[in-house]
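Examination of the molecular architecture
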Amino acid sequence: MVVDEPAGEAHLASVLERPCAEVAAALRELSAEYTAQGRGFDLRLVAGGWRFYSRAACAPAVDRFVLDGRQARLTQAALETLAVVAYRQPVSRSRVSAVRGVNCDGVMRTLVQRGLVEEAGSEPETGAILYRTTNYFLERMGLRGLDELPELAPFLPEVDDVEAESLEGTMIAEAVAAAAVQAADGSGEAGRAAPDR
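Values in this document were obtained by computation on a predicted structure and should not be read as measured data. (Residues numbered from 1 in each chain as written. Predicted model: local features only at pLDDT ≥ 70, side-chain atom pairs only at ≥ 80, totals over all residues. Heavy atoms only, no water.)

1. Thoughts on the environment of Gly-49
Residue position: Gly-49 is located in strand β2 (residues 49–54). According to the relative accessible area criterion, Gly-49 is buried, its value standing at 0%. Not counting residues up to four positions away in its chain, the partners in contact with Gly-49 are Pro-6, Ala-7, Gly-8 and Arg-44. (Helix = DSSP H or I, 4+ residues; strand = E, 2+ residues; numbered from the N terminus. Buried < 20%, exposed > 50% of the residue type's maximum accessible area, 1.4 Å probe, protein only. Contact = heavy atoms within 4.5 Å.)

Following this line, the structure appears as structure tokens:
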């Protein structure tokens, strides 16, 4: 409850001067115990570490307390852009714009400011800045790693139904955004459970 980001098992073991395996087992046991007891908070393994979250059932009360009416939700354009970065990373702004079919410079700046996206070097051929998602993105989505992102195939249209030139445009961006929304809904993170501070 006193850290700003998930605490890794190795770090906790070092602080507690206990074997890492013992700390890992204790964390999993605590998490299961809190769930079994139906506590208002949950201990979750996300983004490579452990962190307390409010339970989804308690999220409306926590939202009212923490936000006090000030919602800071991402726009549809920001969600689509974030989804393209998540599935195509590392990726340049021009490539994200090509996938979405619109300029995304302003949206990328917003995502960087919110800590969801960060610079990841530059493209050798063009020198364009590349972007990737952050650990904060994983944490907010309730994912342990990018390999837990849902598959895109169920969200893509049938090839017969789509003209070849639109495959790189709006329909893929919409499919990517739909997959990101599904990932958020499946984890209970986006807009429902706020981390304890």
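Anyway, onward from the coordinates.
2. As for the packing of aromatic side chains
Under the definition given, this model contains three aromatic pairs. Measuring from ring centre to ring centre gives 4.9 Å for Tyr-34 and Phe-41, while their planes differ by 70°; the resulting arrangement is edge-to-face. Judged by its relative accessible area of 11%, Tyr-34 falls in the buried class. Their ring planes at 75° and their centres at 5.6 Å tell us that Phe-41 and Phe-52 sit as a pair that is edge-to-face. Residue Phe-41 is found in strand β1 (residues 41–46), and its partner Phe-52 is found in strand β2; the two are separated by 11 residues along the sequence. Since its relative accessible area comes to 21%, Phe-41 is described here as partly exposed. (Phe/Tyr/Trp six-rings, centres within 6.5 Å; stacked < 30°, edge-to-face > 60°.)

3. Regarding the environment of Tyr-53
Mapped onto the elements, Tyr-53 comes out in strand β2. Classification of Tyr-53 as buried rests on a relative accessible area of 0%.

4. Considerations on the side chain of Ser-31
Along the chain, Ser-31 turns up in helix α2 (residues 20–37). The contacts of Ser-31, once residues within four sequence positions are left out, are Asp-42, Leu-43 and Trp-50.

5. Topic: the sheet that holds strand β5 (residues 129–133)
Across the sheet, which stays open at both edges, the three strands sit in the order β3-β5-β4 with antiparallel pairing between neighbours. On the outer flanks of this sheet lie β3 (91–92) and β4 (117–122), each paired with one strand and no other. Pairing between β4 and β5: four bridges, direction antiparallel. Bridged to Glu-118 within β5 is Arg-132. Each of β3, β4 and β5 touches helix α4 (residues 76–88); the most contacted strand, β5, lies at about 95° to it. (Pairing = 2+ DSSP bridges. Axes fitted to C-alpha atoms, helices over the stretch in contact; angles between N-to-C directions.)

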